[in-house]
Amino acid sequence: MSGRDSSKDPHWSPFSTTRAKWAWRLLAIFAVIYFVVAVLTSAEFADLAATEVVFGLPLGFVLGIGTIVAGLLITRVFLSKLEG
């Protein structure tokens, strides 16, 4: 195991390594994207989400697909950082 032994280190934190910091940043980015999309597709913004934007598709659908793509891209960035 190449890493720090967290049981013997009284000052361990989830931000103790650069990889962990990178992972937390990516999680924060995805959480912000997900929260914004969730708010924009909620009942209060139903009229906005139903607005047709691209090829007659509603904005809510486009945002949902965008969230999936963002999740895939963020996962790819994380995995490439993890391997390197």
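Look a little higher up for the structure.
Residues numbered from 1 in each chain as written. Predicted model: local features only at pLDDT ≥ 70, side-chain atom pairs only at ≥ 80, totals over all residues. Heavy atoms only, no water.

Trainee: Honestly, unusual backbone geometry in this entry has me stumped. Any pointers?
Mentor: Note: most peptide bonds trans; most residues except glycine with negative phi. Phi angles above zero are rare outside glycine, and F55 is one such case at about 55°. Here F55 shows up in the loop between strand 1 (52-54) and strand 2 (57-58). A relative accessible area of 81% means that F55 is categorised as exposed. (Helix = DSSP H or I, 4+ residues; strand = E, 2+ residues; numbered from the N terminus. Buried < 20%, exposed > 50% of the residue type's maximum accessible area, 1.4 Å probe, protein only.)

Trainee: Would you mind going over the packing of aromatic side chains with me for this structure?
Mentor: Describing an aromatic ring pair means giving the distance of the ring centres and the angle of the ring planes. Under the criterion given, the structure shown has one aromatic pair. Aromatic side chains F30 and Y34 sit 6.2 Å apart centroid to centroid with 35° between the ring planes, which places their arrangement in the tilted category. Here F30 pairs with Y34, and both are found in helix 1 (residues 18-40), just four residues apart, close to one helical turn. Overall, the relative accessible area of 25% leaves F30 in the partly exposed class. When the ring centre of W22 is taken as reference, the NZ or CZ atom of K81 above it lies at 5.0 Å. (Phe/Tyr/Trp six-rings, centres within 6.5 Å; stacked < 30°, edge-to-face > 60°. Lys NZ or Arg CZ within 6 Å of the ring centre and 35° of its normal.)

Trainee: Is there a simple way to explain the packing of helix 1 against helix 3 (residues 59-83) in this structure?
Mentor: Between helix 1 and helix 3, the least distance of the axes is 10 Å, while the angle of their chain directions is 180°. By the angle class used here, helix 1 and helix 3 are roughly antiparallel. Contacts between helix 1 and helix 3 involve R19, W22, A23, L26, I29, F30, I33, Y34, V37 and L40 from the first element and L63, G64, T67, A70, G71, I74, V77, F78, K81 and L82 from the second. Partitioning the contact of helix 1 with helix 3 into residue classes produces 15 nonpolar, three polar and two charged. (Axes fitted to C-alpha atoms, helices over the stretch in contact; angles between N-to-C directions. Parallel < 35°, antiparallel > 145°, perpendicular 65-115°, else oblique. Contact = heavy atoms within 4.5 Å. Nonpolar A, V, L, I, M, F, W, Y, C, P; charged D, E, K, R; others polar.)

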